[in-house]
Amino acid sequence: MQDNNIVQQSDQEFDVLVVGSGITGGWAAKECCEAGLKTLLIERGRLVEHRKDYPTEGKGPWQYPTRTVADNLLTMQHQAIQQQCYAFNDTTKHFFGNDRDLPYSTEDGTEFSWIRANQLGGKSLLWARQTFRLSDYDLTANAKDGHGIDWPIRYKDLAPWYDYVETFAGIAAARDNLPQLPDSISQPAFELTKPELDFQATVAEHFPDKPMVVGRCAHLTQPSQIHLELGRVTCQARSECYRGCSFGAYFSTQSATLPAAARTGNLHIAPNSVVHSLIFDESKQRVTGVRVVDNDNLSQREYRGKIVFLCASTLGSTQILLNSTSKSFPNGLANSSGVLGRYLMDHNYNAWASARIPGYEQEYYRGRRPTGIYIPNFHFEPSRYHKDFVRGYALAGGATRGSWQGMSQQDGFGEAFKQSLTQAGPWQIWMGAQGEMLPRADNQVSLHPSKKDKWGIPQLHFNCRWSDNELTMMQHAAETIKRMMQVAGFEDIQAQATQAPPGLAIHEVGSARMGQDPKQSVLNKFNQCHDVPNVFVTDGASFCSSGVVNPSLTFMALTARAAHYAIDQFKAGRL
Amino acid sequence: MTSSLAIQRRSLLKGLGVLFGVQAAQSLLGGNALSVAMAFAQSVPRQLQIFSAEQMRVLAIIGDLTIPQTDTPGALATNSHWFVDNQLKHCFATETQTSAKQILDKIITRAQALLSLPFTDATKQQQLTLLQALESSQSGFDGADTKAFKQLKALLVFGFFTSKVGMTQLLQYDPVPGGFKGSVAYASVGKAYSGGFPF
């Protein structure tokens, strides 16, 4: 990162303003910079420099007074919501937002956990890195069963862009040849353990419609020149990903898109710049820039640009659009349809089971694998729907050997007790569901009529809940996992369906959806606002349905695709 | 006792006197208390967070009985009891803190009733017998006591196995595995990985 790329005040009119520097913002910046466009990447949080700003990486737990467990009192004061995230602890808390600065409200009787990562790189530093393609079954589900509107794109539109982003990002995956889970351009997959391989064989025999594969993730297992020249090398299986990875072994803005953008000489970065709203020119019916409030001193400034990419996260981008009001758009920019803020979705992780796997005492593994076993959605078309619900779910998990953590409450004292805790425990397995959430108009974020945050931006108000379809699906999912484990002969099976509110999958999508019809959607098939052609929204806000798979790979593909469309239009003088 | 240990013992008495009062410091040196007191000596400047001095002495003994020094250091050498005191203060709700104090008090009370001795003055075997009774909800201990004790013991174990000694000497420390192998003979490793804690 060069200091001369850092912008605070600037009168320059950039070709492109990219709002947000996470997975999508990094991609938008990279593509625009590589095409020769002068690009300003606007980030509301602080700079985080690759390697230099990973202060907790490589430290043993004994180097923390509370051994990496976050301090309860401090956490409850500052990060009561953030601490609900599985990746939150004393080694990662600096990459999560401070809830006191980031207030929002929820409709009575509803809850929503909004996880924030406001720094350069955004949630690309904290994501779980599982990467799966959507299939045509996902992209046609709305049209086929009538929930939500049809996606304006099909798999053939996305496939070349999946190829493109996967080649650059680096995906460890097997080639599974499943219609419901199209293969990726991949590097060697991570290995399964012996009990997992046997479970895979059992499931193949007894549940032939539910094939189990190894998970796919954005980790390098066989880096090519593309990766090496950016300083990225093979995954070391340390499991320190959420602290930042100096090996650059997993895809993040810092490891991948940012250095690629920076080396073009076209990248400028405006950190600590909270985008308040977009500046709309009534006469041109175009956006001409963004209004920014300084993250630290609350002073105001503007940045000007010919094209704007909103990559501020699903909820962040929608909040900015809602807060960009004008004579033409009194209810939010590009909101002539009135659907902006509606059809918010997340994934539903509310079913899981765990068990003990007898035997395999002589089996072990080495390293901490960044993925696991995966059973893609097997209700992937209407003819395969369960009679009690529409759409479906995937199952993901893994088997490991227990350790002292699982044995610390067993009876005993003295040398024998001490010795027993140094030994690997029995094999245990965990599998959880990842269910689709239907697009429903009632699931909405809006601007609070009176409450604002410290930057003077109206707070988001959430009204989002699971429907009966999702709750029923989770009951079924828990039963399915349990049945598989029973057939496999596992012991001490614990299965349950829970009712945690939406948000914690951190797969929020929808709220500024794409569509063919401008009366029903905010964005066209190139993630371009129907109403304001020089504004693109390429993050999860654009989704028409949640699908079942982890969405980040699709964020990347949609962004790269939209960026190339915008670049072509720009160079042809049409933007 | 070597001379350096004697000096340590003297300074220990002095230090403990400052911390707990002279009477308490002397009572520490009865029974099974020397090694326990030595552990205090390493950390005299520390402030107790949750526990009273008496509760802390009992907790130190429990740590020593649970994870003793063998050919590798034990819970005392890693100050696991101090860890528990600090961890309860910073990472647990008031109810858990109260429950931890109450079970230590109950151990003290039951020892006095059963042995007519302070727990800290009892022999190692007497202490162990009492704790075994506690783990099996006997000798005046009920299921709730057992549960509270197990929670406290688990914290001692946590403190020990997340210490540098625990992670690097007791377990297979492998901070940079270099990649993932799905099948390795357990015998070739011989003990559990300390893991990239937390996972």
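Throughout what follows, the structure given in this document is the object of discussion.

Calculation rules
Residues numbered from 1 in each chain as written. Chains lettered and ligands numbered in written order. Predicted model: local features only at pLDDT ≥ 70, side-chain atom pairs only at ≥ 80, totals over all residues. Heavy atoms only, no water. Helix = DSSP H or I, 4+ residues; strand = E, 2+ residues; numbered from the N terminus. Buried < 20%, exposed > 50% of the residue type's maximum accessible area, 1.4 Å probe, protein only. Contact = heavy atoms within 4.5 Å. Pairing = 2+ DSSP bridges. Phe/Tyr/Trp six-rings, centres within 6.5 Å; stacked < 30°, edge-to-face > 60°. Lys NZ or Arg CZ within 6 Å of the ring centre and 35° of its normal. Buried area = accessible area lost by both parts, 1.4 Å probe. Salt bridge = Lys/Arg side-chain N within 4 Å of Asp/Glu carboxyl O. Polar contact = N/O pair within 3.5 Å; in protein donor to acceptor, adjacent residues only side chain to side chain. Nonpolar A, V, L, I, M, F, W, Y, C, P; charged D, E, K, R; others polar. Axes fitted to C-alpha atoms, helices over the stretch in contact; angles between N-to-C directions. Parallel < 35°, antiparallel > 145°, perpendicular 65-115°, else oblique. Left-handed = near helix turned anticlockwise from the far one by under 90°.

**Some remarks on the overall build of chain B**
And step 1. Each helix and strand counted, chain B has 10 helices and one strand in total.
And step 2. Along chain B, helices and strands appear, N-terminal first, in the series α-α-α-α-α-α-α-α-α-β-α.
And step 3. Going through the 199 residues of chain B one by one, you find that 54% of them count as buried.
And step 4. Sequence separation of at least 24 residues holds for 64% of the intrachain contacts in chain B that already meet a minimum separation of 6.

**A look at the sheet that holds strand E3 (residues 105-106) of chain A**
Sheet strands line up and pair through hydrogen bonds in the backbone, either parallel or antiparallel.
Residue and element names in this part refer to chain A.
And step 1. Spatial ordering of the open sheet is given by E3-E15-E14, a layout of three strands whose pairing is mixed. Every other strand in the sheet has two partners, leaving E3 and strand E14 (444-452) as the edge strands with one partner each.
And step 2. Pairing analysis gives five bridges linking E14 to strand E15 (residues 458-463), with the strands arranged antiparallel. Bridging from a neighbouring strand, serine 446 pairs with histidine 461 of E15.

**A short note on the packing of aromatic side chains**
Residues and elements named next belong to chain A.
And step 1. With the rule as written, the count across this model stands at 34 aromatic pairs over all chains.
And step 2. Both rings, one in tryptophan 127 and one in phenylalanine 251, keep their centres 6.3 Å apart while their planes meet at 85 degrees; by these two values the pair is edge-to-face. On the criterion of sequence distance, the pair formed by tryptophan 127 in the loop between E3 and helix H3 (136-145) and phenylalanine 251 in the loop between helix H6 (225-228) and helix H7 (253-262) is long-range, its members being 124 residues apart.
And step 3. When the centroid spacing of 5.6 Å and the interplanar angle of 70 degrees are considered together, the rings of tyrosine 365 and tryptophan 427 count as edge-to-face. In this pair, tyrosine 365 sits in strand E10 (residues 363-366) while tryptophan 427 sits in strand E13 (residues 427-435), placing the two residues 62 residues apart along the sequence.
And step 4. Overall, the relative accessible area of 8% leaves tyrosine 365 in the buried class.
And step 5. We classify tryptophan 427 as buried; its relative accessible area is 1%.
And step 6. Within the aromatic cluster, the residues linked to one another by ring pairs are Trp27, Trp127, Trp161, Tyr164, Phe168 and Phe251.
And step 7. We note lysine 30 situated over the ring of phenylalanine 168; from NZ or CZ to the ring centre the distance is 4.3 Å.

**Focus: the interface of chain B and chain A**
And step 1. Counting residues at the interface gives 62 residues for chain B and 50 residues for chain A.
And step 2. When chain B packs against chain A, the two sides together hide about 5,000 Å² of surface, and 58% of this comes from carbon and sulfur.
And step 3. A salt bridge links Arg366(A) to Asp174(B); the shortest N-O distance between them is 2.8 Å.
And step 4. Taken together, the links from chain B to chain A amount to 33 residue pairs in polar contact (both at pLDDT 80 or more).
And step 5. Listing elements by their share of the side of chain B that touches chain A, those giving two or more residues are helix H4 (53-66), helix H5 (80-91), helix H7 (124-135), helix H8 (143-161), helix H9 (164-170), strand E1 (181-185) and helix H10 (186-189) of chain B.
And step 6. The greatest single-element share of the side of chain B that touches chain A, amounting to 10 residues, is contributed by H8(B).
And step 7. For the side of chain B that touches chain A, the class distribution of residues is 34 nonpolar, 21 polar and seven charged.

**Comments concerning the sheet that holds E13(A)**
All names here are of chain A.
And step 1. Spatially, the six strands line up as an open sheet ordered E4-E11-E12-E13-E9-E16, and their pairing is antiparallel. The open sheet terminates on both sides in strands that have one partner only, identified here as strand E4 (213-214) and strand E16 (491-497).
And step 2. Pairing analysis gives nine bridges linking strand E12 (residues 393-401) to E13, with the strands arranged antiparallel. Note that in E13 the partner of tyrosine 393 across the bridge is glycine 435.

**A short note on the environment of Gln428(A)**
And step 1. Here Gln428(A) is to be found in strand E13.
And step 2. Sequence-distant contacts of Gln428(A), defined by excluding residues within four places in its chain, comprise Ala355(A), Arg356(A), Ile357(A), Gly398(A), Ala399(A), Thr400(A), Arg401(A) and Gly402(A).

**Remarks on unusual backbone geometry**
Residues and elements named next belong to chain A.
And step 1. Phi angles above zero are rare outside glycine, and tyrosine 360 is one such case at about 60 degrees.
And step 2. Here tyrosine 360 is to be found in the loop between strand E9 (351-357) and E10.
And step 3. Among the residues examined, tyrosine 360 registers a relative accessible area of 25% and is labelled partly exposed.
And step 4. With a phi close to 65 degrees, arginine 391 is a non-glycine residue in the positive phi region.
And step 5. Residue placement: arginine 391 occurs in the loop between strand E11 (373-375) and E12.

**Quick word on the pairing of strand E8 (residues 300-310) of chain A**
All names here are of chain A.
And step 1. Across six bridges, strand E1 (residues 13-19) lies against E8 in parallel orientation. Across the sheet, residue valine 19 finds its bridge partner in E8, namely leucine 310.
And step 2. Here strand E7 (residues 286-294) pairs with E8 via five bridges, running antiparallel. Within E8, the residue paired with glycine 289 across the bridge is arginine 304.
And step 3. What sits between E7 and E8 in their antiparallel hairpin is a turn of five residues, with leucine 298 showing a positive phi close to 65 degrees.
And step 4. The pairing of E8 with strand E17 (residues 535-537) spans three bridges and is classified as parallel. Counted as the bridge partner of valine 308 is valine 535 from E17.

**Quick look at the packing of H4(B) against H5(B)**
Residues and elements named next belong to chain B.
And step 1. Relative orientation of the contacting elements H4 and H5 amounts to 125 degrees, with a least axis distance of 8 Å. Accordingly, the angle class assigned to the pair H4 and H5 is oblique. Once H4 is placed against H5, the crossing between them reads as right-handed. Residues Met56, Leu59 and Ala60 of H4 touch H5, and the partners they reach there are His81, Trp82, Val84 and Asp85.
And step 2. Looking at side-chain class alone, the contact of H4 with H5 contains five nonpolar, one polar and one charged residues.

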